[in-house]
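As a plain string of letters, each chain reads:
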Amino acid sequence: AQSVSQHNHHVILSEAASLELGCNYSYGGTVNLFWYVQYPGQHLQLLLKYFSGDPLVKGIKGFEAEFIKSKFSFNLRKPSVQWSDTAEYFCAVGDFGNEKLTFGTGTRLTIIP
Amino acid sequence: SQTIHQWPATLVQPVGSPLSLECTVEGTSNPNLYWYRQAAGRGLQLLFYSVGIGQISSEVPQNLSASRPQDRQFILSSKKLLLSDSGFYLCACAIRNTEAFFGQGTRLTVV
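Reference entry: report on the structure contained in this document. Note that the structure is a prediction, hence the values are computed from the model and not measured. (Residues numbered from 1 in each chain as written. Chains lettered and ligands numbered in written order. Predicted model: local features only at pLDDT ≥ 70, side-chain atom pairs only at ≥ 80, totals over all residues. Heavy atoms only, no water.)

A count of helices and strands for chain A gives 0 helices and 12 strands. Starting at the N terminus and walking to the C terminus, you meet the elements of chain A as β-β-β-β-β-β-β-β-β-β-β-β. Its C-alpha radius of gyration of 13 Å places chain A within 12% of the 13 Å reference for a compact globule of 113 residues. Taken over 113 residues, chain A has a buried fraction of 48%. A total accessible area of about 5,300 Å² is found for chain A, and carbon and sulfur atoms account for 53% of it. (Helix = DSSP H or I, 4+ residues; strand = E, 2+ residues; numbered from the N terminus. Rg over C-alpha atoms; globule rule 2.2 N^0.38 Å. Buried < 20%, exposed > 50% of the residue type's maximum accessible area, 1.4 Å probe, protein only. Areas by Shrake-Rupley, 256 points an atom, 1.4 Å probe, with all protein chains shown as cover.)

Set out below in structure tokens:
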């Protein structure tokens, strides 16, 4: 069965701190991996995606994620967070062809000015 | 790029009444379509997905059903709503090996 785990439910950081949000998935085949962000009162938007190639993926707003196949992980990172990064972050995995697209339970990130 | 139309934005229905939420897609053909329910602390729960007309896969056995009568139309239904069906429902669309795009969502309150 395809599943996604985000172990950090709520993360609180000060501005300029470094960020790493964990994402682990369970699926034996080829996967497509995504991180989405939902700012307060807004809809989901794509941060970055991985389909193939370089396992280090760069997205918008200074975010990046690294696909480690051996660990079934796709952790999200940002070297220095800003107050405007306060949002909820969702990791998602799609099987080959994105026939089934499964999301994690999300991580709420709060940045303290 | 794809545009997803989802309506209504909000809906208040009594327990035991039927439900029909509609989602239509513009700007693409033969998309994969999804219905999710978003709840605080539970993320996006995949309810149904479809890879083609008449093809529906159910992820969570419950009081809901889905249908895809046309290539770009995806409908979420219930014959009799329960209180526990209240929530925020999102329709999404993805093409093979692209990201998913989401509709505006429907806030359903069952009273």
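Back to the text.
We now examine the interface of chain B and chain A. Listed as interface residues are 22 residues of chain B and, on the opposing side, 20 residues of chain A. In total, chain B and chain A occlude about 1,700 Å² of area from one another, counting both sides; carbon and sulfur atoms represent 54% of this. Area buried by chain B at its contact with chain A is led by Leu-44, Asn-97 and Glu-99 of chain B, which between them contribute 30% of it. At the boundary of chain B with chain A, the tally comes to 2 salt bridges. Two residues, Lys-100 of chain A and Glu-59 of chain B, come together in a salt bridge whose shortest N-O distance is 3.0 Å. Our enumeration of links across chain B and chain A arrives at 7 residue pairs in polar contact (both at pLDDT 80 or more). For the side of chain B that touches chain A, the elements supplying multiple residues, two or more each, are strand 4 (32-39), strand 5 (43-52), strand 9 (87-94) and strand 10 (100-102) of chain B. Sorting elements by how many residues they give to the side of chain B that touches chain A places strand 5 of chain B first, with 5 residues. Residue composition of the side of chain B that touches chain A, by class: 11 nonpolar, 7 polar and 4 charged. (Contact = heavy atoms within 4.5 Å. Buried area = accessible area lost by both parts, 1.4 Å probe. Salt bridge = Lys/Arg side-chain N within 4 Å of Asp/Glu carboxyl O. Polar contact = N/O pair within 3.5 Å; in protein donor to acceptor, adjacent residues only side chain to side chain. Nonpolar A, V, L, I, M, F, W, Y, C, P; charged D, E, K, R; others polar.)

This brings us to the state of the cysteines. Note: disulfide means a covalent bond formed between the sulfur atoms of two cysteine side chains. A full pass over the atoms with the stated rule returns 2 disulfides over all chains. Disulfide pairing is shown between Cys-23 of chain A and Cys-91 of chain A; the S-S distance is 1.9 Å. Residues Cys-23 of chain A and Cys-91 of chain A are joined by a disulfide whose S-S torsion is about -65°; by sign, that bridge is left-handed. Residue Cys-23 of chain A is located in the loop between strand 3 (19-21) and strand 4 (24-26), and its partner Cys-91 of chain A is located in strand 10 (residues 87-95); the two are separated by 68 residues in the primary sequence. The exposure class of Cys-23 of chain A is buried, given its relative accessible area of 0%. Each sulfur in the disulfide pair Cys-23 of chain B and Cys-91 of chain B lies 1.9 Å from the other. Given an S-S torsion of about -70°, the disulfide between Cys-23 of chain B and Cys-91 of chain B has left-handed geometry. You can see Cys-23 of chain B sitting in strand 3 (residues 19-26) and its partner Cys-91 of chain B sitting in strand 9, a full 68 residues away along the chain. A relative accessible area of 0% means that Cys-23 of chain B is categorised as buried. Residue Cys-91 of chain B is classed as buried on the basis of its relative accessible area of 0%. Looking at Cys-93 of chain B, it has no disulfide partner, and the nearest cysteine sulfur is the one in Cys-91 of chain B, 7.7 Å off. (Disulfide = S-S within 2.5 Å.)

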